[in-house]
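# Notes for the structure review
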Amino acid sequence: MKTYLILGAASPIASHLVKSICSSNERSVIYLLARNIGRLEGLQQHANTTSHSSVVLQEFDLNKDVAVYQFPANINCFINLAGVMSGSNVSSAEVMGVNYTQPVLFIERLMEASKESLQSIFITTSIAGVRGRALNYVYGSAKAAMIAYASGLRQKHHKDFLVTTFIPGYMDTEMLNETKAPGFLVSSPESIAKLILRSIAKRRNVVYSKTAWRLIAAILVHVPEIIFKKMSK
Amino acid sequence: MIIRDKNLTSWGNNPVIRSKEYQPYFVEDVSKAIIENSEILATGNGRSYGDCMLNAVSLSTLHLNNILSLSNGVVNCQAGTTLDELLRLMVPKGYFLPVTPGTKFITLGGAIASDIHGKNHHKDGSISNHILSFELINHAGDTVSCSRTNNEDLFWQTFGAMGLTGIIVSAVMQLKDVETSYIRQTVIKLKGLAETFELFASHQDTTYSVAWIDCLSSGKSQGKSVMFLGEHAKLAEINKCLHLAVHKTPKLFVPFNLPSFTLNALTVKTFNAIYYGMAKSEADSIVHYDPFFYPLDSILNWNRIYGKKGFTQYQFVLPPEVSFEGISKALTIINKYGAGSFLAVLKLFGEGNAKAPNSFPEKGYTLALDFPINTKNLQAISELDALVKDCSGKVYKTKDCFSSIPEAIQSGKFQSQQNLRYTGNN
């Protein structure tokens, strides 16, 4: 039996993730943490009806509840899907909080609470964290900090548990409502969910949503600053 | 909520329109989408044929596919759940769909909107006879629970209303108990239409009956057909280690649109000759439900064989007293135009559901035909239309794209290109 803890569960990717976990024959307990758990009741019933796994819903606000959250016993696998993009009605403090400081504090507490049972931590960052760009550098810097945190965590605990850094590019979610993106760079929520489980099973350290993004990241890093600074639209 | 501008088309690949599509993962988002727009239409898995699912603003129910409960032979699931997903869950537990069309890749919401029927209509009626209740979100964004005792007018009106009464978000359906997932099938080769009709009439007690018709044969052999009869096999009748085996995921697919001339009178004639030639009359063979009900599902994207121009279906039902004459005339029309239809299917309907005013099935014989889209075939369709009108028959909206027979439904916020076309007809 495996126990999952998923943060940012009210998302298309989490829906597919829960369904993928349930469709395997393994018996699992999945804790879903989200601000509005009412909308996840259908998913919970689906898991109970169609599989041997069970889903537990817990109301959780990443901005408020990190310090007081009571961790369930025996968490094996933690998956962080929470994130917020910079936008007109999102403050920079919230962007930094949700994408970096709060999850870091959460993971620090998780490691203490689940010292014995923890097998893997899956951290979602972003291609925006590979190099700061004019478009979204507050968001990008928080994600960059998260990439650095995951890297350090992996080095410190590589004998204890797996740390996977996930660096996605375009995902076919709400983030593409306003943006147009070439199809070959876009991953569906369903494929991301499968990728997450595959990466954990194969014990991968750093995962990109598509191979093309690994290439783009490599190029981004190597463009000389003198050129890069002029590349903004 | 995910919102995309995309090309929307049904299984017939014609017509194609641009549509702003909402893709909710949560039921609450459905109300939001309804309130935000002055016009909207729910879509399912896009297996209907004509323009009934097309609208400039649409809402895909495909991610609302949670199965909420299954107990005592009653399933409660969200509207975007496909029959494929339901079968995978229910068959191992000894249940089967009370009514199923020729594909399992449709959603339950779509099944209600079309009031689908199956090979057992003469015995079990359409799906409206087996749906116990559903939840629908109306034009104001409010959830309305509908059943035989609660909001019953809206309940019955919704069957066959093609989604124009609101967006169904979940439904409760009574399932059928089965001992095995196999069908005891009898295949009978018939030489003409008269024989086919006789056999339908004499097999009204058989649960499943349907006939494939060679619609390009003429003269004496007009209406030569292969009849398929079936019953759910009992446990004692089969010799399989897994008696409640679920269907497999199809592996074959058509990778791209074939040229539009692929299906012409000659190729269809050849196909029909081979199909009829290879069919063998046999009694009581045991087959799995998958090839019996869903032979075409074994090839994904089979609609691509009709080419980029797409195809359309034309299904009509004629009252029993004029059925024979009418269907014989219809076959003559198809022959005249060489409008080869290789999926021609004949079936005897039982009584329709009198409570459901928008439901299609009515007592009599129904013939379903498919035509690649070209001028000749459209002429054939308009001639068939005149014939059906003469015989006081009905045309199935779920498959229709060109008929002038169906009537529009009074509707406010929920609108489809098809309904607007019918409004123009009147």
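Residues numbered from 1 in each chain as written. Chains lettered and ligands numbered in written order. Predicted model: local features only at pLDDT ≥ 70, side-chain atom pairs only at ≥ 80, totals over all residues. Heavy atoms only, no water.

## A short note on the sheet that holds strand β14 (residues 225–232) of chain B
Residue and element names in this part refer to chain B.
- Ordered by their spatial adjacency, eight strands build an open sheet running β16-β12-β14-β13-β19-β20-β18-β21, and the pairing between neighbours is antiparallel. Two strands bound the open sheet, and with one partner strand each, they are β16 (282–288) and β21 (394–395).
- Pairing geometry for strand β19 (residues 345–349) and strand β20 (residues 364–372), over five bridges, is antiparallel. By the bridge assignment, Leu348 is partnered in β20 with Tyr365. (Pairing = 2+ DSSP bridges. Helix = DSSP H or I, 4+ residues; strand = E, 2+ residues; numbered from the N terminus.)

## Let's talk about empty space enclosed by the protein
- One pass over the structure, following the stated rule, counts one cavity of 30 Å³ or more.
- Looking at the largest cavity, its volume works out to about 40 Å³.
- If you go around the largest cavity, the residues you meet are Ser15(A), His16(A), Lys19(A), Tyr25(B), Leu62(B), His63(B) and Asn65(B).
- Taken together, the residues that form the lining of the largest cavity break down as two nonpolar, four polar and one charged. (1 Å grid on protein atoms, 1.4 Å probe; cavity = no way out; pocket = protein on both sides within 12 Å on 5 of 7 lines; lining within 4 Å. Points joined across faces, edges and corners; volume = space filled by probe spheres on them. Nonpolar A, V, L, I, M, F, W, Y, C, P; charged D, E, K, R; others polar.)

## A look at the pattern of salt bridges
Residue and element names in this part refer to chain B.
- Tallied over the entire structure, the rule returns 20 salt bridges over all chains.
- Asp51 is paired through a salt bridge with Arg421; the nearest N and O atoms lie 2.8 Å apart. Pair noted here: Asp51 is in the loop between β3 (41–43) and β4 (57–60) and Arg421 is in helix α11 (residues 417–425), with a separation of 370 residues, a long-range link.
- Exposure remark for Asp51: the relative accessible area of 4% places this residue in the buried category. (Salt bridge = Lys/Arg side-chain N within 4 Å of Asp/Glu carboxyl O. Buried < 20%, exposed > 50% of the residue type's maximum accessible area, 1.4 Å probe, protein only.)

## Side note on a positive patch on the surface
- Together, Arg198(A), Lys202(A), Arg204(A) and Arg214(A) line one region of the surface with positive charge.
- Position of Arg198(A) among the secondary structure elements: in helix α5 (residues 189–201). (Patch = residues over 30% accessible without salt bridge, like charges linked within 9 Å, V, L, I, M, F, W, Y side chains within 5 Å. Areas by Shrake-Rupley, 256 points an atom, 1.4 Å probe, with all protein chains shown as cover. Lys, Arg positive; Asp, Glu negative; His and termini not counted. Charge placed at Lys NZ, Arg CZ, Asp CG, Glu CD.)

## Some points on helix α6 (residues 193–202) of chain B
Residue and element names in this part refer to chain B.
- Along α6, the residues classified as buried are Leu193, Thr196, Phe197, Leu199 and Phe200. Along the axis of α6, the buried residues cluster in a sector spanning 160°; they form a single face. Exposed and oriented more than 90 degrees from the buried face of α6 are Glu198 and Ser202.
- Against the buried residues of α6 lie β12 (182–190), β13 (208–213), β14, α9 (320–337), β19 and β20. (Arc of directions from axis to C-beta. Contact = heavy atoms within 4.5 Å.)

## Some words on unusual backbone geometry
Residue and element names in this part refer to chain B.
- Following Asn14, the chain continues into Pro15 via a peptide bond in cis, with omega recorded as -10°.
- The residue Pro15 is located in the loop between β1 (2–8) and β2 (17–23) in this model.
- Here the phi dihedral of Asn13 falls at roughly 60°; this positive angle occurs in a residue that is not glycine.
- Relative to the helices and strands, Asn13 is located in the loop between β1 and β2.
- Here the phi dihedral of Met162 falls at roughly 55°; this positive angle occurs in a residue that is not glycine.
- Position of Met162 relative to the elements: it lies in the loop between α5 (152–158) and β10 (167–174).

## Focus on the pairing of β2(B)
Residues and elements named next belong to chain B.
- Where burial is concerned, most of β2 is hidden: five out of the seven residues are buried.
- Note that β2 and β4 share three bridges and pair parallel. Each residue of the ladder has a partner; that of Tyr22, found in β4, is Leu59.

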